[in-house]
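# Report on the structure
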Amino acid sequence: MAYLDTDVRYCKGIGEKKAQLLNKLGVFTVHDLVSYFPRKYEDRSQFKPIALTCDGEVACIKALVADTPRLMRIRRGMELVKFRVVDESGSVDITYFNQPYMKDAVHRGGCYNFYGKVIFAGSKRTMSNPVHEPEDAPCGVTGRIIPLYRLTTGLSQKLVMNAVRQALDACGDELPEVLPESLRKKYRLAQVGYAYENIHFPTDFEALELARRRLIFEELFLLACALGKMKGGHSKAEGIKMPPVELREFFDSLPFSPTGAQLRAVSEALGDMQSGKAMNRLIQGDVGSGKTLVAAALIWYTWKNGFSSAFMAPTEILAQQHFDTLSSFLAPFGMRLGKLTGAMTAKQKREVKAQLKNGEIDLIIGTHALFSEDVEYSRLGLVVTDEQHRFGVNQRSSLISKGDRPHVLVMSATPIPRTLALIIYGDLDISVIDELPPGRQKVDTFAVTESYRTRLNGFIRKLVGEGRQVFVVCPMIEDNDELPQNVKSAQEHAAELQRYFPDLRVACVHGGMKSKEKNDIMSTFVAGDTDILVSTTVIEVGVDVPNAALMIIENADRFGLSQLHQLRGRVGRGKHKSYCVLVSDTDNPDSEARLRIMTKTNDGFKISEEDLRLRGPGDFFGSRQHGLPAMHVADLCSDMNVLQTAQTAAQELLAQDPELELQEHAALKAAVERLFDLSSDTLN
Ligand code: ADP
Ligand code: MG
């Protein structure tokens, strides 16, 4: 077995316990360890003459211990070790608090490096608890740029740093060079060994930059190759040609007129479907912009052309809701709708599958179950997936492979900045629905602290009294010892609300429940027979309850901006004035900033840009929701130009060797496969 694949617990100085902590950080093997890049660096590369250090400056000095260290007991529980150090320019009085061993750790006349904050006390310079090491220490922590890693409780910088050092020493030659040499030359990229060494232990900032550039390129290039390879020949492939059919009949049947943006999206899609090429289109529209209607129009069109459609939703609840909505739009025309979800009994599924195969269903709506292997379609012309960001990239392609190149429509409510969309959705064409149906009111949003609880309860009482319904979202399902006391769990909070409002109908729904149970509770709420629905984020996507006028989000600081926006989108869908209340006692400035943005704007694109800015695209992009691997080095905002270059490079390479079969691409191929093996485990 290659050393790179060795479990970290066999590394010197790590062992079982520390290995578990490293596992928490996603580090399992030596390869993971050396790929665990520093979060930032501390510049300890310059030694400063003592006399040039300023008050308050954090500095590295090289100095001689001028007297014998003295151990003093000030009082119980407080011991000091004091000594003075000198260089040619001046002296510093050094004190270590409660580290009695320091008395013997340094010796009079010895030369050491110290790193710490210099404080002027009267005419003297002092340092407290500086980092210290002998002048000639191997793998020193002074006199160079020091890596700082993201840690978890129980791990120290030093431990991680030493472990990485050892791993690099042991596996330096073994690291696979995934970038073909020609490519490295062309784009002037550092070699793999150099890059790994210098991303951890840069000799100087120039080397660090070279290392970073190469690794960023590598990361984005691998991603681009992986996505490119996955998409394979789907783009601009031959597709089913569906000649024009007048849509007036469909639109006339609706209880409202479509918005201009909806019509535009429909006509762009029709352009694709009439072209003879396979459609591959993403519809992006904020929550409530009416994407379902666009899909319905295209499904109707497909049916008029004599083909069937499949509509895939990310959850059972949504599948049910879409089934109801689409039935109301389409059943009056005599279209035959079916449903296929994991929650159905084996017998029900068998029946639906038989109908599908026999062409007795014009539109099938369902969850993942739709692409189980044993589902066969008859004349499948259109595949719609809703809330795409919930599905992994590879799931999308597996659905496309059903049937004979059906047209594909992907709908997403996550407004992704265009450049990111480019990579996530690659060669999808994009339509944006940038207009909400008329009469939609802005959801008034407030950020409040726990001290508002009584008033908030009064507000619930008032709205329910007016006949409205209330959503309450909590960050977790049940009480959990690992989280701080004040974090609300859906179950506990629901019980609390029920005690507070004994006369109201409170229900609780969460992801830990069986589908059937979830569906029943949701349907009861949709029917208006529940006043307050407490949930986890299971209700995040798509659920439409026009009578709900209040969304309360508990511990709102624990949610991301886009997520808060999605949640808020659950209210304000009917004619009633609606509100969103974000409850949080956070004093973290970032969280406060997030909540403030929510109170200021209802615009999803603005919010997603802010989100990107605050969280950093690493998180945004790497978030499991996309089913894409996390980015370790690349920052998709500032590294946008590299992204474009990497994508071009990937396209060129794939044009030459689509399956990466050439010998010189073997390491690349393995890396690409590894990338998606890893991320397919994290699909939800
Ligand atoms: P989303 O884009 O979030 O999926 P939906 O398709 O669920 O939005 O639509 C949200 C609500 O707006 C639904 O109740 C739908 O019936 C309504 N709606 C959609 N289009 C229009 C329109 N053109 N005029 C009025 N209401 C509309
Ligand atoms: Mg929707």
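Below or above, wherever it landed, is the structure these notes cover.

About the thresholds
Residues numbered from 1 in each chain as written. Chains lettered and ligands numbered in written order. Predicted model: local features only at pLDDT ≥ 70, side-chain atom pairs only at ≥ 80, totals over all residues. Heavy atoms only, no water. Near = heavy atom within 4 Å. Polar contact = N/O pair within 3.5 Å; in protein donor to acceptor, adjacent residues only side chain to side chain. Areas by Shrake-Rupley, 256 points an atom, 1.4 Å probe, with all protein chains shown as cover. Nonpolar A, V, L, I, M, F, W, Y, C, P; charged D, E, K, R; others polar. Helix = DSSP H or I, 4+ residues; strand = E, 2+ residues; numbered from the N terminus. Buried < 20%, exposed > 50% of the residue type's maximum accessible area, 1.4 Å probe, protein only. Pairing = 2+ DSSP bridges. Right-handed = clockwise from strand over helix to strand, strands pointing away. Salt bridge = Lys/Arg side-chain N within 4 Å of Asp/Glu carboxyl O. Core = buried A, V, L, I, M, F, W, Y, C linked by side-chain atoms within 4.5 Å.

## Brief notes about the site of ligand 1
Around ligand 1, the surrounding shell holds 16 residues, and the nearest of these are Gly288, Lys291, Thr292, Arg440 and Asp544. Within the backbone of serine 289, an N or O atom sits 3.4 Å from an oxygen atom of ligand 1. One nitrogen or oxygen atom from the main chain of glycine 290 is found 3.0 Å from an oxygen atom belonging to ligand 1. Expressed as a share of its isolated accessible area of 570 Å², the protein-covered part of ligand 1 is 85%. Residues of the shell around ligand 1, tallied by class, amount to 4 nonpolar, 7 polar and 5 charged.

## Focus on unusual backbone geometry
Positive phi, normally seen in glycine, also occurs at asparagine 129, with a value near 45°. In this structure, asparagine 129 sits in the loop between strand S7 (124-128) and strand S8 (131-134). The exposure class assigned to asparagine 129 is partly exposed, which follows from its relative accessible area of 36%. In this structure, asparagine 555 is a non-glycine residue whose phi angle is positive, near 50°.

## Comments concerning the pairing of strand S19 (residues 506-509)
Burial along S19 is two-sided: Val506 and Cys508 and Ala507 and Val509, pointing in opposite directions, are all buried. Note that S19 and strand S20 (residues 532-535) share 4 bridges and pair parallel. Its bridge partner being in S20, valine 506 is matched across the sheet by isoleucine 532. Read from S19 through helix H17 (residues 515-526) to S20, the crossover connection turns out right-handed.

## Observations regarding the pattern of salt bridges
One pass over the full model with this rule turns up 34 salt bridges. For arginine 165, the salt bridge goes to glutamate 197, with nearest N and O atoms at 2.8 Å. With arginine 165 in helix H4 (residues 157-171) and glutamate 197 in helix H6 (residues 192-200), the pair connects residues that are 32 residues apart, well separated along the chain. For arginine 165, a relative accessible area of 17% translates into the label buried. Exposure remark for glutamate 197: the relative accessible area of 25% places this residue in the partly exposed category. Residue glutamate 218 pairs with arginine 214 through a salt bridge whose shortest N-O separation is 2.6 Å. With glutamate 218 and arginine 214 both in helix H7 (residues 205-231), this residue pair falls 4 residues apart, about one helical turn. Of the two residues, glutamate 218 and arginine 214, both sit in the buried class. Each of the salt bridges in this network shares a partner with another, and the network as a whole consists of Glu177, Arg184, Arg214 and Glu218.

## Examining the nonpolar core
In this structure, Phe250 and Leu330 are the most contacted members of the largest nonpolar core, which totals 38 residues. Those elements giving two or more residues to this core turn out to be helix H8 (248-252), helix H9 (260-274), helix H10 (291-304), helix H11 (316-330), strand S13 (363-366), strand S14 (380-386) and strand S15 (407-412). A total of 9 residues in this core trace back to one element, the largest contributor, which is H10. By size, the runner-up hydrophobic cluster in this structure holds 35 residues, among which are Ile14, Leu25, Met161 and Ala163.

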